[in-house]
Amino acid sequence: MNGPDLRLSRPALPVRFWRLPGLLAICLCMLCMLCMAIEGWAAPPAEQGLETALEAIRAVDHEGRGNVAAGAAWNVVAAADAQALPRILTAMDGANPLAAGWLLAAVDQIVARHPRLDPEPLCAFLADTSHAPRARRLAFDLVAGSDGPRAEKLLAGLLNDPSVELRHDAVAQLMAQAEQATAAGTTSVALQQFQTAFAAARDIAQVKALAAAIRGLGGEVDLPQHLGFLMHWQAIGPFDNTGGKGFAAEYPPERGVDLSGTLAGQGGPVQWQVLTTRDEFGMVDINPLYPPPAPAEVASPAEGAGGKEGLKEVVAYAVTSYDSPQGGPAELRLGTKNAWKIWLNGQLVFEREEYHRGMDVDQYRLPVALKPGPNTILIKLCQDAQRKPWTTEWQFQLRVCDSIGTALPAGRQQAQAPPPAVENIR
Amino acid sequence: MNSFFLRCSLLTGLVWTFLVVASGAEEWPAFRGPNGSSLVPAGVLPVELSEATQQWSVSLPGRGLSGAVVVDGKVFVTASAGTSQDRLHLLCFDAQTGKLLWERRVWATGRTMCHSKTSVAAPTPCTDGSHIYALFSSNDVVCFDLQGRLCWLRGITHDYPNVSNSLGMASSPLVSGGTLVVPVENDSESYCLGLDTASGENRWRIDRPKGANWTSPVLAGPAVVALQSRGGVDAVGLADGAPKWSFSGGADTIPSSCFFDGVLYVPSNGVTALEAVANEAKPRELWQSNRLAPGTASLVVAGDAIYCLNKADVLTAGERATGERRWQLRLQGPFSATPVSDGQHLWAVNEAGLVQVVELGKKEGKIVSTFDLGDEILASPAVADGAIYLRSNSRLHKLAR
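Note that this is a predicted model, so its numbers are computed, not measured.

Rules and cut-offs
Residues numbered from 1 in each chain as written. Chains lettered and ligands numbered in written order. Predicted model: local features only at pLDDT ≥ 70, side-chain atom pairs only at ≥ 80, totals over all residues. Helix = DSSP H or I, 4+ residues; strand = E, 2+ residues; numbered from the N terminus. Rg over C-alpha atoms; globule rule 2.2 N^0.38 Å. Buried ≥ 20, exposed ≤ 12 C-beta atoms within 10 Å, placed from the backbone. Contact = placed C-beta atoms within 7 Å. Axes fitted to C-alpha atoms, helices over the stretch in contact; angles between N-to-C directions. Parallel < 35°, antiparallel > 145°, perpendicular 65-115°, else oblique. Left-handed = near helix turned anticlockwise from the far one by under 90°. Nonpolar A, V, L, I, M, F, W, Y, C, P; charged D, E, K, R; others polar. Pairing = 2+ DSSP bridges. Core = buried A, V, L, I, M, F, W, Y, C linked by C-beta atoms within 7 Å. Expected span 1.5 Å × (residues − 1). pLDDT = per-residue confidence, 0-100. Arc of directions from axis to C-beta.

**Brief notes about the overall build of chain B**
Part 1 of the reasoning: Of the regular secondary structure elements, chain B holds two helices and 32 strands.
Part 2 of the reasoning: A compact globule built from 401 residues should have a C-alpha radius of gyration of about 21 Å, and chain B, at 19 Å, falls within 12% of that.
Part 3 of the reasoning: Among the 401 residues that make up chain B, the fraction classed as buried is 57%.
Part 4 of the reasoning: In chain B, the proportion of contacts linking residues at least 24 apart, taken out of those at least 6 apart, comes to 52%.

What follows is the structure in C-alpha cells.
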C-alpha cells in the first residue's frame with residue numbers, strides 16, 4: 001500500500017480518501033489527471049464566475065448592446081479581490097474601448113477596497129509589453145500607488161515604451177534631469193539628455209518643449225522628420241462650394257488624379273500645382289495658391305470671391321504619394337479647421353463637414369492599411385462662407401505614423417525630399 | 001393675453017410655493033437645479049459670504065467646468081485627466097464633510113480635443129434620485145448607482161463617428177420618466193438621443209440641425225422636452241422623441257431656455273416667451289424683448305421676474321409676465337456660470353471666482369456683498385441644504401452659513 005506516501009505529499013486531502021483500496025485511489029487519480037489533460041484545469045467557482053463576467057463585459061458593443069449583462073457582470077468583477085487584478089488587466093487586451101472603460105471602473109472599485117497592493121504581480125504585468133498599453137499604464141499607476149520609489153525607478157526603463165502615457169512620463173523624468181543639468185552648468189550632459197528625450201518623445205507638447213530646449217543649447221532638431229509630416233503635395237482648385245454644396249459634390253479629382261490634366265474649376269480651367277510646405281509642423285496652406293481677385297473684379301459676394309482673407313466657398317484638392325517599404329497598419333493623422341475628405345489609394349477613409357471650430361496636430365487619427373510601395377493620399381479641403389477673422393484658414397497638416405505616433409520611415413523621407421510622381425489613382 | 005395675465009396672477013404664488021418645496025432643499029439634481037430655472041429656496045443661502053462660510057474645499061483629480069449635483073447627502077462632480085484628457089472621472093463626496101466616498105473612471109471613446117477654456121468634463125451630470133448619469137465632451141455617457149456601481153456605459157461617438165465638436169461639447173443631459181435625454185448637436189452628425197435609463201440603449205434618436213450647439217434641453221411640460229438650437233426650439237416627446245411643436249424664430253446656441261409656470265423663456269432675439277397650445281404645431285408667442293439679452297450664462301427665473309447677464313456683464317431684471325425691463329446693474333465679469341436666485345437675492349460668480357450677491361428689488365438691484373474665492377469658476381453653482389457648491393478646474397468648494 002502506498003497510502004502513507006501519498007498522504008505525506010497531499011496532506012490537504014480528506015483522511016477517508018486514503019482508506020480506499022490503493023488500486024481504486026490510483027485509478028481515481030489517473031482519471032482526474034486524464035480529465036484535466038482533456039479539458040484543462042477546472043477553475044474554482046469564483047474564478048469561473050470572474051471569467052464569465054469578464055466575457056460578458058468584453059461582449060459590450062455599439063448602441064448599448066450587452067449593457068444589461070455587463071452591468072450584472074461588473075458587480076462580479078468589481079467584487080473580486082486584489083489577486084485578480086492581473087487577470088482583469090489582461091482582459092483589456094484586445095477589448096473594445098467600451099469594454100476597457102467598464103474594466104477600468106471595476107479596477108477602481110477593487111483598488112478602493114485594497115489600498116495596499118502587492119506590486120510584484122503588477123510589475124510582472126507591466127513588464128510584458130504584449131499587454132494593452134492602457135492596461136500596462138494602469139498597472140504602473142497601481143504600482144506607483146503602493147510603492148512610489150519603485151515606480152520612479154521603473155520609469156527610467158520605459159523611455160521607449162509602447163504605451164504613449166508611460167513614455168510621456170519617462171520623457172518628463174529625463175527632461176527634468178536635463179533641466180537640472182542645465183541649471184548646474186553641465187550643458188553637454190543636458191544637451192545629450194534632451195536629445196535622448198526628444199528621440200523618445202511622441203507627445204506633441206513634449207516634442208515642442210524639447211525642440212526649444214535643444215535649440216537653446218545650440219543643438220539641431222528636424223521636427224518634420226521626427227513627426228513624419230508630409231511636406232510635398234500637388235494641389236488643384238478652386239472648385240465651387242457655394243452654400244457648402246461642394247462638400248458633397250464629386251469633382252474630377254475624386255474620380256481619378258491625372259497630374260498633367262486640365263480641369264474646369266470655379267472660375268475657368270485649373271491645373272495641378274506643386275505645393276511644398278516648410279512649416280515645421282507640416283502646415284499646408286492653400287490660400288497663397290489662389291489669391292482672391294482684386295476688389296474691383298468682384299461682381300458680388302455671392303460669386304464666392306474673398307476679400308483680404310482669401311477665397312470663400314471654394315474647394316481644393318491636394319495629393320501626394322507615400323512610399324511604404326513594407327506596407328501594413330498605419331495612422332493618417334490630420335489637423336484642419338476646414339471640412340474635409342481623405343482617400344487612400346482611391347478608397348474614402350473618412351470625411352467630416354465642420355468649419356472653423358478648432359485645429360490641432362493629430363486632431364483626427366485615421367487607422368489605415370498601407371500597401372507596399374507607393375500609396376496615393378488625396379485630400380479634399382473645403383472653405384465656407386464665414387468672414388470672421390478666425391475663418392481665414394484654408395489649410396491642413398498630415399502625418400503618417402504608427403499607433404503611438406512614431407513617424408514611419410517613408411514619412412521621414414517624404415518630409416525631406418519631393419515625393420515621386422503621383423500616378424492616376426484609379 | 002388677458003387670460004395669461006389672469007392665470008399668472010392667480011397661480012404665481014401657488015407655483016412659487018410648489019416649486020420651492022418641490023425643489024427639495026436637499027437636492028440639486030441637474031444643471032440649474034430641480035426645475036431648471038436656477039431657483040433656490042428662499043432665505044437658506046447666506047447673503048454674506050466670507051472665509052467663515054467656507055465649510056470645506058477639496059482638490060479634484062482633473063479639470064472640469066461641469067456643475068455639481070447633490071442627492072442623498074452626496075455631491076457628485078465630473079473631471080477629466082491624462083495627457084490627452086481621456087480619463088473621465090466621476091467623484092462622489094459626502095456633502096457634510098467633503099470626504100471622498102468613491103471615485104470611478106472610464107476611458108473616453110470619442111475625441112477629447114476642445115478649446116483651452118473648456119474641458120472634456122463640461123456637461124453637468126444629472127440624477128433621478130437612484131442613479132447618476134454623466135455625459136462628457138467626448139460624448140461618452142456613464143450611469144452609476146449612488147454607491148458607485150457601474151450600470152451601463154455608452155460611447156456616442158463610438159457609435160456615430162462624426163458626432164463631435166472641435167471646440168468641445170457642453171450640453172447637459174436631462175433625465176425624466178426613465179429616459180435620459182442626451183443632446184449631441186454639432187456641425188456634422190447632429191442628434192439628440194433618448195436613452196433607456198435601465199440599459200443605456202436608444203429609445204429614440206432624432207436628427208437635429210447641423211450646427212454647433214452648447215444649450216441644454218429643458219422639460220417643457222409633462223413628458224415634453226424643449227430642444228433649443230440656432231433655428232429656434234423643437235419640443236419633442238420625452239418617451240419617443242416625436243415632434244410636439246416648433247418655434248422657428250431662431251435662438252442662441254450658448255445660453256439655455258428656462259421653463260417656468262407653463263411658459264418657455266427662450267434666448268431668442270433677446271428673450272422670447274412661448275406657450276404651447278394644445279394640438280398646435282406652433283406655440284403662442286407671449287412676448288419678445290431684445291432688452292433682455294443673455295450672454296454665456298443662461299436665464300434665471302424667480303418669482304415674477306426674469307434675470308439675465310449680458311455679454312457686457314450687465315445684470316438685467318425684467319417682468320416675467322411682459323418682458324418689460326425693470327432695471328440694470330453692472331457686475332464685475334466676465335461670467336460663464338449661470339447665477340442662482342431665491343427671488344430676494346441673486347448669487348453670481350464670475351470667472352475669477354468673485355461671488356457677487358445682489359439684492360433684488362422691484363426698481364433696482366444692489367450688490368450687498370462680495371466674496372473672492374480666489375479660484376477660476378466657470379461652472380454653474382449647485383445649491384442644496386442651505387449650501388452653495390462651486391467647482392473650479394482643481395477644487396470643489398462648499399459655502400454655507
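**Section: the overall build of chain A**
Part 1 of the reasoning: When its secondary structure is counted, chain A shows 15 helices and twelve strands.
Part 2 of the reasoning: A burial count over chain A gives 39% of its 426 residues as buried.
Part 3 of the reasoning: Of all intrachain contacts in chain A linking residues separated by at least 6 positions in sequence, the fraction that spans at least 24 positions is 69%.

**A few points about the packing of helix H11 (residues 164-183) of chain A against helix H12 (residues 187-200) of chain A**
Residues and elements named next belong to chain A.
Part 1 of the reasoning: Look at H11 against H12: their axes get within 8 Å of each other, and the N-to-C directions meet at 165 degrees. One finds that H11 runs roughly antiparallel with respect to H12. The handedness of the crossing between H11 and H12 is left-handed. Residue-level contacts link Arg 167, Val 171, Leu 174, Met 175, Gln 177, Ala 178, Ala 181 and Thr 182 of H11 to Thr 187, Val 189, Ala 190, Gln 193, Phe 194, Thr 196, Ala 197 and Ala 200 of H12.
Part 2 of the reasoning: Residues of the contact of H11 with H12, tallied by class, amount to ten nonpolar, five polar and one charged.

**A short note on the sheet that holds strand E8 (residues 140-145) of chain B**
All names here are of chain B.
Part 1 of the reasoning: Reading across the sheet, the four strands line up as E6-E7-E8-E9 and stay open at both edges, with antiparallel pairing between neighbours. This sheet does not close on itself; its edge strands, each paired only once, are strand E6 (126-127) and strand E9 (150-155).
Part 2 of the reasoning: In the sheet, E6 pairs with strand E7 (residues 131-135) via two bridges, with the strands oriented antiparallel. Looking at the pairing, Thr 127 lines up with Ile 132 of E7.

**Quick look at the nonpolar core**
Part 1 of the reasoning: Ranked by size, the top nonpolar core spans 229 residues in total, and within it Ile 57, Val 77, Trp 102 and Leu 103 of chain A together with Tyr 265 of chain B carry the most contacts.
Part 2 of the reasoning: Top element by residues in this core is helix H7 (residues 97-113) of chain A. It accounts for ten residues.
Part 3 of the reasoning: Excluding its chain neighbours within four sequence positions, the residues that come into contact with Val 77 of chain A are Leu 50, Ala 53, Leu 54, Ile 57, Ile 88 and Ala 106 of chain A.

**Here we look at H12 of chain A**
Part 1 of the reasoning: Taking 1.5 Å of rise per residue, 14 residues should cover 20 Å, and H12 of chain A covers 20 Å from first to last C-alpha, within 8% of that figure.
Part 2 of the reasoning: On its buried side, H12 of chain A packs onto H11 and helix H13 (204-216) of chain A.

**Things to note about the pairing of strand E12 (residues 395-401) of chain A**
Residue and element names in this part refer to chain A.
Part 1 of the reasoning: Counting buried residues in E12 gives seven out of seven residues, a clear majority hidden from the surface.
Part 2 of the reasoning: Both faces of E12 are covered, namely the face carrying Gln 395, Gln 397, Arg 399 and Cys 401 and the face carrying Phe 396, Leu 398 and Val 400.
Part 3 of the reasoning: Sheet topology places strand E5 (residues 284-285) next to E12; two bridges connect them, and they run antiparallel. Note that in E12 the partner of Asp 285 across the bridge is Gln 395.
Part 4 of the reasoning: The pairing of strand E7 (residues 328-336) with E12 spans six bridges and is classified as antiparallel. Among the inter-strand pairings, Leu 332 is bridged to a residue of E12, identified as Val 400.

**What to know about the pairing of strand E16 (residues 232-237) of chain B**
Residues and elements named next belong to chain B.
Part 1 of the reasoning: Here strand E15 (residues 224-229) runs beside E16; their pairing, made up of six bridges, is antiparallel. Its bridge partner lying in E16, Val 224 is registered against Gly 237.
Part 2 of the reasoning: Two successive antiparallel strands, E15 and E16, enclose a turn made up of two residues.
Part 3 of the reasoning: As paired strands, E16 and strand E17 (residues 243-247) are joined by four bridges and run antiparallel to one another. Note on E17: the bridge partner recorded for Val 236 is Pro 243.
Part 4 of the reasoning: Counting the residues that bridge the hairpin from E16 to E17 gives five residues, and of these Gly 241 lies at a positive phi of roughly 75 degrees.

**Quick look at the packing of helix H5 (residues 67-78) of chain A against H7 of chain A**
Residue and element names in this part refer to chain A.
Part 1 of the reasoning: For the pair H5 and H7, the least separation of the axes is 9 Å and the interaxial angle reads 35 degrees. For the pair H5 and H7, the sense of crossing is right-handed. Contact residues: H5 offers Ala 70, Trp 74, Val 77 and Ala 78, while H7 offers Trp 102, Ala 106, Gln 109 and Ile 110.
Part 2 of the reasoning: Taken together, the residues of the contact of H5 with H7 sort by class into seven nonpolar, one polar and no charged.

**As for the interface of chain A and chain B**
Part 1 of the reasoning: Counting residues at the interface gives 30 residues for chain A, matched by 32 residues for chain B.
Part 2 of the reasoning: Secondary structure elements with two or more residues in the side of chain A that touches chain B: H5, H7 and H11 of chain A.
Part 3 of the reasoning: Sorting elements by how many residues they give to the side of chain A that touches chain B places H7 of chain A first, with ten residues.
Part 4 of the reasoning: Looking at the side of chain A that touches chain B residue by residue, the classes come out as ten nonpolar, ten polar and ten charged.

**Some words on the confidence of the model for chain B**
All names here are of chain B.
Part 1 of the reasoning: Mean pLDDT over chain B: 94, with 94% of residues reaching 70 or higher.
Part 2 of the reasoning: Ignoring residues within four places in sequence, the model shows residues 1-24, a span with pLDDT below 50, making 19 contacts including any to other chains.
Part 3 of the reasoning: Model confidence for the complex: the whole-complex pTM is 0.90, and ipTM, which rates the interface, is 0.93.

**Re H13 of chain A**
Residue and element names in this part refer to chain A.
Part 1 of the reasoning: With 13 residues, H13 extends 18 Å from end C-alpha to end C-alpha; this agrees with the ideal 18 Å at 1.5 Å per step.
Part 2 of the reasoning: Among the residues of H13, Val 207, Leu 210, Ala 211 and Ala 213 are the ones counted as buried. Each buried residue of H13 sits inside an arc of 165 degrees when the element is viewed along its axis, so together they form one side. Among the exposed residues of H13, those oriented more than 90 degrees off its buried face are Ala 205, Ala 212 and Arg 215.
Part 3 of the reasoning: Looking at the buried positions of H13, the neighbouring elements they touch are H11, H12 and helix H14 (223-227).
Part 4 of the reasoning: Positioned one or two residues after H13, Gly 218 has a phi angle of 90 degrees, which is positive.

**What to know about unusual backbone geometry**
Part 1 of the reasoning: Here the amide bond leading from Gly 237 of chain A into Pro 238 of chain A is cis, since omega sits at -5 degrees, within 30 degrees of zero.
Part 2 of the reasoning: If you trace the backbone, Pro 238 of chain A turns up in strand E1 (residues 232-240).
Part 3 of the reasoning: Pro 334 of chain B follows Gly 333 of chain B through a cis peptide bond whose omega is -5 degrees.
Part 4 of the reasoning: Here Pro 334 of chain B shows up in the loop between strand E25 (325-330) and strand E26 (340-341).
Part 5 of the reasoning: Of note, Asp 362 of chain A is a non-glycine position whose phi angle comes to about 65 degrees, a positive value.
Part 6 of the reasoning: Here Asp 362 of chain A is to be found in the loop between strand E9 (347-352) and strand E10 (364-370).
Part 7 of the reasoning: Phi is positive for Asp 261 of chain B, close to 55 degrees, though the residue is something other than glycine.
Part 8 of the reasoning: One can find Asp 261 of chain B in the loop between strand E18 (258-260) and strand E19 (263-266).

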